[in-house]
Number of protein chains: 2
Amino acid sequence: MVAAETRERVSLVAAEMGFRLNATARALTTGHTGLVGVIVPTLANPFFPPIVTGVQQPLTEAGGNVLLGVSDHSADRERELVHQLGPRVDGLILVAPVSPDVALRSFAERLPVVTVDRTAPGLPGVLVDTPGGVTKLMDHLLGLGHRRIAYLGGPPGSWMDRQRRKAALTAVADGGGELIVLDPVPPRFDAGLATAEHLVRQETPITAVMVYSSYVLLGLFMGLGSAGLRVPEDISLAASDDLTVIGMTQPGSTALHVPLQEAGSEACRLVREAPAAGSRPPRVRIATRLVVRDSTAAPPSGSTRTPPLTSRAPSHTPSRARKN
Amino acid sequence: MVAAETRERVSLVAAEMGFRLNATARALTTGHTGLVGVIVPTLANPFFPPIVTGVQQPLTEAGGNVLLGVSDHSADRERELVHQLGPRVDGLILVAPVSPDVALRSFAERLPVVTVDRTAPGLPGVLVDTPGGVTKLMDHLLGLGHRRIAYLGGPPGSWMDRQRRKAALTAVADGGGELIVLDPVPPRFDAGLATAEHLVRQETPITAVMVYSSYVLLGLFMGLGSAGLRVPEDISLAASDDLTVIGMTQPGSTALHVPLQEAGSEACRLVREAPAAGSRPPRVRIATRLVVRDSTAAPPSGSTRTPPLTSRAPSHTPSRARKN
DNA sequence: TTGAAAGCGCTAACAT
DNA sequence: ATGTTAGCGCTTTCAA
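What you see is a predicted model, and the numbers here were worked out from it, not measured in a lab.

What counts and what doesn't
- Residues numbered from 1 in each chain as written.
- Chains lettered and ligands numbered in written order.
- Predicted model: local features only at pLDDT ≥ 70, side-chain atom pairs only at ≥ 80, totals over all residues.
- Heavy atoms only, no water.
- Least-squares fit on C-alpha atoms with pLDDT ≥ 70 in both.
- Contact = heavy atoms within 4.5 Å.
- Buried area = accessible area lost by both parts, 1.4 Å probe.
- Salt bridge = Lys/Arg side-chain N within 4 Å of Asp/Glu carboxyl O.
- Helix = DSSP H or I, 4+ residues; strand = E, 2+ residues; numbered from the N terminus.
- Nonpolar A, V, L, I, M, F, W, Y, C, P; charged D, E, K, R; others polar.
- Pairing = 2+ DSSP bridges.
- Core = buried A, V, L, I, M, F, W, Y, C linked by side-chain atoms within 4.5 Å.
- Buried < 20%, exposed > 50% of the residue type's maximum accessible area, 1.4 Å probe, protein only.
- Axes fitted to C-alpha atoms, helices over the stretch in contact; angles between N-to-C directions.
- Parallel < 35°, antiparallel > 145°, perpendicular 65-115°, else oblique.
- Left-handed = near helix turned anticlockwise from the far one by under 90°.
- Domains from an automatic or database assignment.
- Polar contact = N/O pair within 3.5 Å; in protein donor to acceptor, adjacent residues only side chain to side chain.
- Expected span 1.5 Å × (residues − 1).

Novice: How do you make sense of the relation of the copies chain B and chain A when you look at a structure like this?
Specialist: Relating one copy of the chain to the other takes a rotation about an axis and a shift parallel to that axis. The transform that puts chain B on chain A rotates by 180 degrees and translates by 0.0 Å along the axis, for an RMSD of 0.1 Å. What the superposition gives is, in effect, a two-fold axis relating one chain to the other. For chain B, the residue whose C-alpha comes nearest the rotation axis is Leu67 of chain B, separated from it by 2.3 Å. Comparing interface residues between copies, 100% of those in chain B also sit at the interface in chain A, which points to an isologous, same-surface contact.

Novice: In this structure, what is going on with the interface of chain B and chain A? I would like to understand it.
Specialist: You'll often see interface size given as the accessible area lost when the parts meet. Across the boundary between the two partners, chain B contributes 46 residues, which contact 46 residues of chain A. Of the roughly 3,900 Å² buried between chain B and chain A on both sides combined, carbon and sulfur atoms contribute 58%. Taken together, the connections running from chain B to chain A amount to zero salt bridges. When contributions to the side of chain B that touches chain A are tallied by element, the ones reaching two or more residues are α2 (23-30), α3 (49-61), β2 (65-70), α4 (75-85) and α9 (214-226) of chain B. Residues belonging to the side of chain B that touches chain A are distributed by class as follows: 22 nonpolar, 19 polar and five charged. Summarising the sheet, strand β2 (residues 65-70) of chain A and β2 of chain B pair through three bridges and their orientation is antiparallel. Bridge pairing in β2 of chain B places Leu67 of chain A opposite Leu67 of chain B.

Novice: Just checking my understanding: could you explain the nonpolar core for this structure?
Specialist: Ranked by internal contacts, the top residues of the largest apolar core, which has 58 residues, are Val38, Ile93 and Val95 of chain A together with Val38, Ile93 and Val95 of chain B. Among the nonpolar cores identified, the runner-up in size contains 34 residues, and Val82 and Ala108 of chain A together with Leu81 and Val113 of chain B belong to it.

Novice: Looking at this model, I keep getting lost on the packing of α3 of chain B against helix α10 (residues 260-273) of chain B. Mind explaining?
Specialist: In a pair of packed helices, the angle between the axes and the distance between the axes together describe the arrangement. All names here are of chain B. Packing of α3 against α10 brings their axes to within 6 Å, and their N-to-C directions diverge by 50 degrees. Relative to α10, α3 is oriented oblique. Relative to α10, the crossing made by α3 is right-handed. When α3 is examined against α10, the residues Pro50, Ile51, Thr53, Gly54, Val55, Gln57, Pro58 and Leu59 are found in contact with a partner set consisting of Leu260, Gln261, Gly264, Ser265, Cys268 and Arg272.

Novice: Would you mind showing me how to read the pattern of salt bridges here?
Specialist: Note that side chains of opposite charge can pair when their charged atoms are close. Inspection of the entire model under this criterion finds 20 salt bridges over all chains. The residue Arg230 of chain B makes a salt bridge to Asp234 of chain B at a minimum N-O spacing of 3.1 Å. Considered together, Arg230 of chain B and Asp234 of chain B belong to a single accessibility category, that of buried residues. Connected through shared salt-bridge partners, Glu266, Arg269 and Glu273 of chain A make up one network.

Novice: When you look at the domain arrangement of chain A in this model, what are you seeing that I'm missing?
Specialist: Residues and elements named next belong to chain A. The domain boundaries assigned to chain A delineate domain 1 (32-126 + 260-287) and domain 2 (130-258 + 290-320). At the boundary of domain 1 with domain 2, total buried surface from both sides reaches about 770 Å², with 67% on carbon and sulfur atoms. By the criterion of area lost to domain 2, the three top residues of domain 1 are Pro46, Asp117 and Leu260, representing 47% of everything that side buries. Inspection of the region where domain 1 meets domain 2 yields zero salt bridges. Remark: the boundary between domain 1 and domain 2 carries one residue pair in polar contact (both at pLDDT 80 or more). Among the residues forming the side of domain 1 that touches domain 2, the class breakdown is three nonpolar, two polar and two charged.

Novice: In this structure, what is going on with the packing of helix α6 (residues 130-144) of chain B against helix α7 (residues 159-174) of chain B? I would like to understand it.
Specialist: All names here are of chain B. For the pair α6 and α7, the least separation of the axes is 8 Å and the interaxial angle reads 30 degrees. In this structure, α6 meets α7 at a crossing whose hand is right-handed. Here Thr130, Pro131, Val134, Thr135, Met138, Asp139 and Leu142 of α6 lie close against α7, whose contacting residues are Met160, Gln163, Arg164, Ala167, Ala168, Ala171 and Val172.

Novice: Just to check I follow, could you spell out the sheet that holds strand β10 (residues 254-257) of chain B for this structure?
Specialist: What links the strands of a sheet is backbone hydrogen bonding, and the strands pair in either a parallel or an antiparallel sense. Residues and elements named next belong to chain B. Spatial ordering of the open sheet is given by β7-β6-β8-β9-β10-β12, a layout of six strands whose pairing is mixed. If you trace the sheet from one side to the other, it starts and ends with β7 (178-182) and β12 (289-291), each paired once. Geometrically, the sheet is characterised by an average inter-axis angle of 20 degrees between neighbouring strands, direction not taken into account. As paired strands, strand β6 (residues 148-152) and β7 are joined by five bridges and run parallel to one another. Bridging from a neighbouring strand, Tyr151 pairs with Val181 of β7. Helix-sheet contacts for α6 involve β6, β7, β8 (208-211), β9 (236-239), β10 and β12, and the interaxial angle to β10 is about 155 degrees.

Novice: Looking at this model, I keep getting lost on α9 of chain B. Mind explaining?
Specialist: Every α-helical turn comprises 3.6 residues, leaving residues that sit three or four positions apart pointing alike. Residue and element names in this part refer to chain B. Its 13 residues give α9 an end-to-end C-alpha distance of 18 Å, which sits within 8% of 18 Å, the value for a rise of 1.5 Å per residue. The element α9 is extensively covered by neighbouring structure, given that eleven of its 13 residues are classed as buried. For α9, the set of buried residues is Ser214, Tyr215, Val216, Leu217, Leu218, Gly219, Leu220, Phe221, Met222, Gly223 and Leu224. Of the surrounding secondary structure, the elements contacted by the buried residues of α9 are β6, α8 (189-200), β8 and β9. Two to three positions downstream of the cap, the backbone nitrogen of Tyr215 sits 3.1 Å from a side-chain oxygen, assigning the N-cap of α9 to Ser213. Remark: Gly228 follows α9 within two positions and exhibits a positive phi of approximately 90 degrees.

Here's what the structure looks like:
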């Protein structure tokens with residue numbers, strides 16, 4: 001009943017007074033909150049923060065926000081968080097969840113759920129194709145002439161680890177090599193350090209190691225170095241991820257570039273589009289890119305090919321004898 | 001009016017059916033949501049995730065959750081996020097905010113706000129006492145005999161940087177040394193690499209460098225190494241934080257242990273206790289601990305004291321001449 | 001086209 | 001000590 005001019009004045013004053021729509025009240029009526037729950041195993045592993053950032057970005061642009069949960073790699077904690085976050089979010093993004101498939105499905109009965117870095121039957125998922133990358137990595141190693149290649153996987157018991165190991169086994173078998181599967185380790189520097197000691201005690205020399213975590217690779221790098229083994233002259237090293245820390249080795253490490261932030265954005269898109277669990281859930285595959293740096297080279301003499309010993313990296317120290 | 005037994009049966013069945021209180025509706029009546037907003041500059045810097053985890057932990061135990069915001073170091077973005085998160089949270093934790101004091105105060109008019117790693121007049125805050133740690137670090141360096149000490153600060157323009165620099169200047173002046181303040185750099189590996197080149201070109205040799213970020217230190221480490229300078233024989237290095245990555249240098253790096261997660265928990269406690277902005281806002285100081293490792297030693301000869309050259313770390317390579 | 005009213009699911013202040 | 005009711009701030013439906 002008011003004049004248009006008055007109307008304008010009112011809204012202007014309202015804006016000046018800092019009036020904003022009450023999100024809570026709106027959520028109560030509309031039924032959706034504008035929030036998306038993101039549950040990660042941990043923030044300590046630098047693999048996960050970029051994913052969170054990836055979902056955050058498109059979401060805040062749409063006026064939404066991220067409700068964060070850290071499961072600490074525990075299935076119990078994960079379930080608890082789902083129940084806690086579930087009612088107050090429009091959808092849930094589970095990053096590398098540890099719960100069994102059935103649990104995941106039951107979560108999805110209540111609200112849209114999408115997994116990242118893991119698939120579950122019936123659920124939409126974003127899959128970072130590290131297994132595909134591992135194949136590239138193994139082909140690279142085989143192409144350089146490596147035949148005895150160690151695979152240092154983990155985290156122990158993880159779904160993704162099984163996928164990667166499977167890819168590695170297939171690739172190496174196809175290439176006529178032998179894959180030595182080491183016990184999985186947690187993604188920490190010291191795990192690499194410990195494995196280095198184990199490696200130098202091998203009877204038959206291993207000429208290349210593929211490792212699933214940059215942190216472990218860094219430990220390996222240092223451990224092998226102090227044992228007198230040079231990278232890449234004596235042994236080649238490659239990682240199936242490429243975190244910032246990886247830029248820190250000298251020489252630089254061959255690794256898989258993983259577009260983590262993109263994975264997060266895709267998950268965000270899926271969870272907002274998803275009309276709950278459909279019959280044929282959408283799957284997005286995020287390809288990785290092999291980045292060849294200087295931690296991989298042809299194996300040393302005594303192996304399948306002749307080593308080019310000096311061409312790839314500076315060698316300050318005299319070559320030392322292998323331990324075995 | 002129902003029998004107690006019936007009542008029990010009802011609630012049991014309700015629980016079985018997965019009925020839970022609707023958090024949104026409750027929030028509408030009570031006025032508080034159980035959510036705490038945490039705004040960090042970025043998740044890419046490993047300094048911040050532990051803080052988020054620190055607030056997350058006590059909060060989820062109390063049935064609450066973290067609403068995350070990433071400001072990307074932008075004051076505009078920060079303000080936007082505050083307005084976006086503000087209405088849906090019980091309180092806001094601003095980690096290393098970049099907004100001016102006045103803006104921070106205005107945020108606090110609407111809801112409890114606590115800052116972390118920065119203080120603002122009138123606002124409660126958790127302060128990680130890196131300035132105090134920097135003093136310890138400088139005293140350590142001075143005690144070893146260093147007199148020309150470089151300070152490599154950053155991030156450019158940051159509040160915390162000014163505090164640390166001030167502490168460094170005072171400590172070194174008191175100890176009769178000279179602090180060479182280098183231009184602040186962003187917290188990245190390559191910044192350290194670049195600074196290393198700069199350092200080896202100094203006319204008067206600098207015998208120790210204090211750097212604000214582990215990442216920068218790592219770059220410095222590598223850059224100095226390839227320039228032929230040994231750590232700690234030729235030059236000492238120390239960092240004013242102690243991220244996981246720091247365990248990755250060989251020799252290990254002297255640094256400040258910073259209880260980041262504790263800082264997060266304290267902030268969480270403050271924000272939940274705070275009855276909005278009080279007249280004398282509580283301040284919590286989180287002390288750091290100096291961790292002396294092997295990247296610091298007495299300066300080489302030509303400086304104030306005689307260097308013990310070999311005692312602290314293995315030296316594989318022959319000593320090389322300084323560039324200057 | 002514009003304004004009034006019902007109700008989302010809960011809590012808190014009431015009346016019994 | 002119990003049960004009833006008003007209303008949180010919005011959206012949506014319906015009447016004017």
